[in-house]
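A structural walkthrough
Spelled out from the first residue to the last, the chains are:
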Amino acid sequence: MSRFFDPKYDTLEAYTPGEQPKDNVLLKLNTNECPYPTSPKVLAAIEAEKAFRLYPDPTSSRAVSAIAKYYGLSEDQVTVGNGSDEILAFAFMAYGRKICYPSISYGFYPVFSQVFGCDAEEIPLTKDLRIELGDYMDKDATLLIANPNAPTGIAHPRDAIEQLVAKDPDRLVIVDEAYVDFGAESCVPLIEKYDNLLVVQTMSKSRSLAGMRIGMAMGNAALIQDLNTIKFSFNPYDLSREAIAAAAAAMEDAAYFEETRGKIIATREWFVKEMQSLQFEVLPSSANFVFVKTGSPYFHAMREAGIILRHFDKDPIRNWVRITIGTDEQMQRLVEETKRWLMQQITGGKQ
Ligand SMILES: *Cc1c(COP(=O)(O)O)cnc(C)c1O
């Protein structure tokens with residue numbers, strides 16, 4: 001830290017992203033990326049983008065209109081950002097003065113709270129690592145719920161979230177649906193009915209575009225206008241020309257999206273059964289990852305075997321490991337390494 005850094009950041013702990021290795025030797029099952037390539041139609045749309053001399057469209061209107069069309073919304077109910085991380089940052093700036101979220105959830109929430117000076121209350125999960133929505137019912141603060149939650153993968157049905165939204169029309173509920181496409185119910189259909197609901201999604205996971213940095217928010221036009229006010233006070237050109245083209249093409253290529261997410265869901269179901277048959281406890285996942293109670297030595301052993309998983313060294317999830325769902329072949333390799341490791345546990349020692 002330099003001596004010029006504002007002391008208000010003295011205690012700021014920045015977000016630690018999952019490891020992004022520079023070579024391709026390791027099997028990366030640690031940051032919930034899509035194991036399948038980006039859609040060929042999206043790649044073609046990126047390729048067709050040539051006018052880099054010019055600034056991009058600050059309203060990203062091609063992307064916004066494709067998202068609106070996909071969800072049957074009007075364009076003033078949608079905005080986009082440089083990854084949903086940026087949208088969440090704007091939401092913390094706009095609505096985070098008092099905010100409530102689970103103590104075990106997306107690791108960026110406490111970082112945003114700190115950097116934007118929010119008054120945050122973290123609510124513990126239940127013993128079985130679930131979000132108890134009843135705990136949030138009477139909170140007088142903006143509510144932020146990841147659905148499905150990360151890193152557990154557990155989802156609530158739309159009805160349950162709706163009760164939270166309906167309870168107090170003067171309280172904003174933000175639902176982070178980064179993983180919703182892998183088997184949970186989106187709250188987007190509730191937007192017409194409630195003006196105190198903001199839904200945030202990303203193209204990083206289910207649309208195989210983590211490297212393009214595209215996030216989106218859907219909500220009442222007044223909320224979207226707030227987010228755009230913040231965005232235009234910060235960086236109106238947050239999506240590049242390529243990202244805007246990619247976002248529009250990704251929403252239009254529904255067939256590829258359905259095929260790849262279907263494959264990931266099927267692989268997850270297979271992998272969960274395999275891990276359960278090896279006597280591991282696995283939380284019910286509606287995401288493209290599973291949370292498995294393996295203990296941390298397993299995490300280190302897999303790293304040595306060339307497979308990177310994600311471990312959060314904090315209570316009460318210290319004995320759990322988050323495993324991204326890859327292709328069938330990748331998950332078969334992990335199951336084999338897991339069996340080898342279990343054998344070593346039984347026979348004792350590493351030989
Ligand atoms: C991955 C993730 C995000 C952010 O994704 P972007 O790549 O910034 O769009 C937001 N919320 C949760 C819960 C995530 O897991």
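Note that this is a predicted model, so its numbers are computed, not measured.

Right, let's get into the nonpolar core. Among soluble globular proteins, nonpolar side chains are generally buried collectively. Ranked by internal contacts, the top residues of the largest apolar core, which has 55 residues, are Ile67, Leu197, Met203, Ile214, Met216 and Met218. Taken domain by domain, the makeup of this core includes at least three residues from each of domain 1 (18–35 + 255–346) and domain 2 (40–252). Core analysis: the second largest hydrophobic core is formed by 33 residues, Leu29, Ile264, Val292 and Ala301 among them.

With that settled, the discussion passes to the domain arrangement of the protein. Once the domains are mapped, the protein shows domain 1 (18–35 + 255–346) and domain 2 (40–252). Computed over C-alpha atoms only, the centres of domain 1 and domain 2 are separated by 26 Å. The interface of domain 1 with domain 2 comprises 27 residues on the first partner and 26 residues on the second. Note on domain 1 versus domain 2: buried area summed over both sides is about 2,000 Å², and carbon and sulfur give 67% of it. Run the count over domain 1 and domain 2 and you get zero salt bridges. At the boundary of domain 1 with domain 2, the tally comes to four residue pairs in polar contact (both at pLDDT 80 or more). Listed by contribution, the elements that provide at least two residues to the side of domain 1 that touches domain 2 are α8 (254–277), β10 (289–293) and β12 (320–324). Counting residues per element, the side of domain 1 that touches domain 2 draws most heavily on α8, at eight residues. Taken together, the residues of the side of domain 1 that touches domain 2 break down into 14 nonpolar, six polar and seven charged.

Unoccupied space between atoms shows up once a probe the size of one water molecule is rolled over them. Under the definition given, this model contains one cavity of 30 Å³ or more. Considering the residues around the largest cavity, the lining is formed by Ser39, Val42, Ser206, Arg207, Ser208, Ala250, Asp253, Tyr256, Phe257 and Thr260. Take the lining of the largest cavity: its biggest share by element is three residues, from α8. Residue assignment places the lining of the largest cavity across two domains, with domain 1 (18–35 + 255–346) and domain 2 (40–252) each supplying three or more.

In this section: the sheet that holds β10. As summarised here, the arrangement of the three strands in space is β9-β10-β12, forming an open sheet in which the pairing is antiparallel. Strand pairing shows two members of the sheet lacking a second neighbour, β9 (281–282) and β12, which therefore form its edges. One ladder, built from five bridges, connects β10 with β12; its direction is antiparallel. Within the sheet, the bridge partner assigned to Val290 lies in β12 and is Ile323. Along the sheet, α8 contacts β9, β10 and β12; its crossing angle with β10, the most-contacted strand, is approximately 5 degrees.

This part takes up the packing of aromatic side chains. Throughout the structure, instances matching the rule amount to 19 aromatic pairs. Centroid distance Tyr179 to Phe289: 4.8 Å. Interplanar angle 85 degrees. Geometry classified as edge-to-face. With Tyr179 in the loop between β6 (173–176) and β7 (197–202) and Phe289 in strand β10, this residue pair connects regions lying 110 residues apart in the sequence. Here Tyr179 and Phe289 have matching classes, each one buried. A ring pair is formed by Phe291 and Trp320, whose centres lie 5.4 Å apart and whose planes are at 15 degrees; its orientation type is stacked. Note that Phe291 is positioned in strand β10 and Trp320 in strand β12, a separation of 29 residues in sequence. Members of the aromatic cluster, joined through ring pairs, are Tyr15, Phe92, Tyr101, Tyr106, Phe108, Tyr109, Phe112 and Phe116.

Moving on, we get to the site of the ligand. Gly83, Ser84, Asp85, Leu88, Tyr106, Asp176, Ala178, Tyr179, Thr202, Ser204, Lys205 and Arg213 make up every residue found near the ligand. In the environment of the ligand, an oxygen atom lies 2.7 Å from a nitrogen or oxygen atom belonging to the side chain of Arg213. Contact with the protein chains covers 93% of the free accessible surface of the ligand, which is 390 Å². Take the shell around the ligand: its biggest share by element is four residues, from helix α3 (residues 83–95). Residue composition of the shell around the ligand, grouped by class: four nonpolar, four polar and four charged.

Here the focus is the pairing of β10. Taken residue by residue, a regular strand's side chains alternate between the two faces of the sheet. Of all five residues in β10, four are buried; the element is thus mostly enclosed. Here β9 runs beside β10; their pairing, made up of two bridges, is antiparallel. From the neighbouring strand, Val282 faces β10, where its bridge partner is Val292. From the end of β9 to the start of β10, which pair antiparallel, there are six residues.

So, on to the sheet that holds strand β5 (residues 142–146). One open sheet accounts for seven strands, arranged β2-β8-β7-β6-β5-β3-β4; its pairing is mixed. The open sheet terminates on both sides in strands that have one partner only, identified here as β2 (78–81) and β4 (119–123). Neighbour-to-neighbour, the strand axes of the sheet open up by a mean angle of 20 degrees, direction not taken into account. Relative to strand β8 (residues 215–219), β7 runs antiparallel, the two being bridged by five bridges. Bridging from a neighbouring strand, Gln201 pairs with Met216 of β8.

Here we come to the pattern of salt bridges. In this structure the tally under the stated criterion is 17 salt bridges. Put simply, Arg261 and Glu258 hold a salt bridge, and the shortest N to O gap is 2.8 Å. Of this pair, Arg261 and Glu258 both sit in helix α8, three residues apart, which is roughly one turn of that helix. Residue Arg261 is classed as buried on the basis of its relative accessible area, which comes to 19%.

Parameters and conventions
Residues numbered from 1 in each chain as written. Predicted model: local features only at pLDDT ≥ 70, side-chain atom pairs only at ≥ 80, totals over all residues. Heavy atoms only, no water. Core = buried A, V, L, I, M, F, W, Y, C linked by side-chain atoms within 4.5 Å. Buried < 20%, exposed > 50% of the residue type's maximum accessible area, 1.4 Å probe, protein only. Domains from an automatic or database assignment. Contact = heavy atoms within 4.5 Å. Buried area = accessible area lost by both parts, 1.4 Å probe. Salt bridge = Lys/Arg side-chain N within 4 Å of Asp/Glu carboxyl O. Polar contact = N/O pair within 3.5 Å; in protein donor to acceptor, adjacent residues only side chain to side chain. Helix = DSSP H or I, 4+ residues; strand = E, 2+ residues; numbered from the N terminus. Nonpolar A, V, L, I, M, F, W, Y, C, P; charged D, E, K, R; others polar. 1 Å grid on protein atoms, 1.4 Å probe; cavity = no way out; pocket = protein on both sides within 12 Å on 5 of 7 lines; lining within 4 Å. Points joined across faces, edges and corners; volume = space filled by probe spheres on them. Pairing = 2+ DSSP bridges. Axes fitted to C-alpha atoms, helices over the stretch in contact; angles between N-to-C directions. Phe/Tyr/Trp six-rings, centres within 6.5 Å; stacked < 30°, edge-to-face > 60°. Near = heavy atom within 4 Å. Areas by Shrake-Rupley, 256 points an atom, 1.4 Å probe, with all protein chains shown as cover.

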